[in-house]
Amino acid sequence: MTKRHVSLPPLAEEGLRAFIDEVDERLSGEEDTCDVVTDVLIDLHGDRDAYERWQSGEDVSPAERVRLQGYDPCNTTLESEYYAEKDEERFKRSKHLQWLWRQFDATPMADNVEFALRFRRMLADHLFESCGENCRFFKGISFTYGHNIEVGDNVVVHDDVHLDDRGKLTIGDRVSISDDTHIYSHDHDVVDQTHVDNFHTVIEDDVRLTYDSMVRAGVRVGENAILAAKSIAGSDIPAHHIAAGTPAKSIAIKDGWESVADPLEDANDDRRDERRLDYDLPDDIDPFDEFQRDLTPPDR
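Rules behind the numbers
- Residues numbered from 1 in each chain as written.
- Predicted model: local features only at pLDDT ≥ 70, side-chain atom pairs only at ≥ 80, totals over all residues.
- Heavy atoms only, no water.
- Helix = DSSP H or I, 4+ residues; strand = E, 2+ residues; numbered from the N terminus.
- Buried < 20%, exposed > 50% of the residue type's maximum accessible area, 1.4 Å probe, protein only.
- Contact = heavy atoms within 4.5 Å.
- Areas by Shrake-Rupley, 256 points an atom, 1.4 Å probe, with all protein chains shown as cover.
- Lys, Arg positive; Asp, Glu negative; His and termini not counted.
- Charge placed at Lys NZ, Arg CZ, Asp CG, Glu CD.
- Salt bridge = Lys/Arg side-chain N within 4 Å of Asp/Glu carboxyl O.
- Polar contact = N/O pair within 3.5 Å; in protein donor to acceptor, adjacent residues only side chain to side chain.
- Core = buried A, V, L, I, M, F, W, Y, C linked by side-chain atoms within 4.5 Å.
- Pairing = 2+ DSSP bridges.

(A) Quick look at the overall build of the protein. When its secondary structure is counted, the protein shows six helices and 19 strands. Projected onto its principal axes, the C-alpha positions of the protein cover 70 × 60 × 30 Å. Looking at the protein residue by residue over its 300 residues, the buried ones come to 43%. Pairs at least 24 apart in sequence give 37% of the contacts found in the protein among residues at least 6 apart. By element, 46% of the accessible surface of the protein is carried by carbon and sulfur atoms, the whole surface being about 16,400 Å². Between the mean site of the 34 positive side-chain charges and the mean site of the 68 negative ones, the protein shows a separation of 3 Å.

What follows is the structure in structure tokens.
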């Protein structure tokens, strides 16, 4: 679908650019990331007066104190913080940036599309392993860490998408990811759900992942392929193929691409093991089993 160019009025554009450039400069400098995120969120939520009252020792209610403390990402926890195999050093920074991304989405400004797209694109440069030019990230996108994601040029990620980078996630150029899509890079053992395997999941150039679809960990979606709405890709999708269903199977080749595409009968191979990522747990970790289940099979 052809899009039209939209621009903000000059004064709004000037304010937008000044704010984004300021945050970008502070995140790129020597200032502590936690301090920058705290400062930006206080102002985005319009809570500067209350925050300064609290900092000066004035009384605040317990609820108000919890709210004001929550602008500081050092006072928060994320689900991924509990993952035993995470890279502690990289997570220290990516957690703070991820908190800024999530809490920005909770502000009214997140619905100002031109402002929000440019703000998130700036954050992506600091949060992701790499991010190409002209990418558009819409509202409600979530990550595991953020720092294990590579994104190419001209990528569009729509509302409420989950990009799981517990393993590694590579997204090529000109990829379109529709609303409510989930892309995973980790998987759980079918017997012991506490055992996690991490993978490298690859979405190649010009792929379309359509509404409410899912890509399982370690899958490669080939160049120019389409995953149909509400489909689950559990094995590789060859280049130029259209895959649909649960589990998704190649059902057609795009018109005009037959000469360069693999035949349908050669599709649907599961090569996920080729992309399994090994990891070591720290020696000093103190793990816990949240389920406390007896996993001894009755037939062994």
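(B) Representation of the pattern of salt bridges. For the structure on display, the rule yields 30 salt bridges. Between Arg 67 and Asp 47 there is a salt bridge, with its nearest N and O atoms 2.7 Å apart. Taken together, the positions of Arg 67 in helix 4 (residues 62–69) and Asp 47 in the loop between helix 2 (33–44) and helix 3 (48–55) put the pair 20 residues apart, joining distant regions of the chain. Residue Arg 67 is classed as partly exposed on the basis of its relative accessible area, which comes to 36%. A relative accessible area of 10% places Asp 47 in the buried class. Here Arg 121 makes a salt bridge to Asp 125, at a shortest N to O gap of 3.1 Å. Separated by four residues within a single helix, Arg 121 and Asp 125 lie in helix 6 (residues 113–127), roughly one turn from each other. Note on Arg 121: relative accessible area 14%, which makes it buried. Relative accessible area serves as the criterion here: at 46%, Asp 125 is assigned to the partly exposed category.

(C) Here's a closer look at the side chain of Asn 198. Positionally, Asn 198 belongs in strand 11 (residues 196–203). A relative accessible area of 4% means that Asn 198 is categorised as buried. Among the polar contacts listed, one links the side chain of Asn 198 to the backbone oxygen of Arg 166, at a separation of 3.5 Å. Residues within four places of Asn 198 in sequence aside, it is in contact with Glu 85, Arg 166, Gly 167, Ser 185, His 186, Arg 275, Arg 276, Leu 277 and Tyr 279.

(D) The nonpolar core, seen in detail. Among the nonpolar cores identified, the biggest contains 58 residues, and Phe 128, Phe 137, Leu 163 and Ile 203 are the most heavily contacted of them. At the level of elements, helix 1 (10–28), helix 2, helix 3, helix 5 (88–104), helix 6, strand 4 (149–151) and strand 7 (168–171) are the ones that each hand at least two residues to this core. In this structure Phe 128 touches Trp 101, Phe 137, Phe 143, Gly 146, Ile 149 and Val 151, once residues within four positions along its chain are discounted.

(E) Spotlight on the sheet that holds strand 18 (residues 249–253). Strand order in the open sheet formed by seven strands is 2-5-8-12-15-17-18, with mixed pairing between adjacent strands. The open sheet terminates on both sides in strands that have one partner only, identified here as strand 2 (136–137) and strand 18. Across two bridges, the pairing between strand 2 and strand 5 (residues 156–157) is parallel. Across the sheet, Phe 137 pairs through a bridge with Val 157, a residue of strand 5.

(F) Looking closely at the pairing of strand 18. The sheet contact formed by strand 17 (residues 241–244) and strand 18 spans four bridges and is antiparallel. Bridged to His 241 within strand 18 is Ile 253. Hairpin geometry of strand 17 and strand 18 is characterised by an intervening segment of four residues between the two adjacent antiparallel strands and by a positive phi of about 110 degrees at Gly 245.

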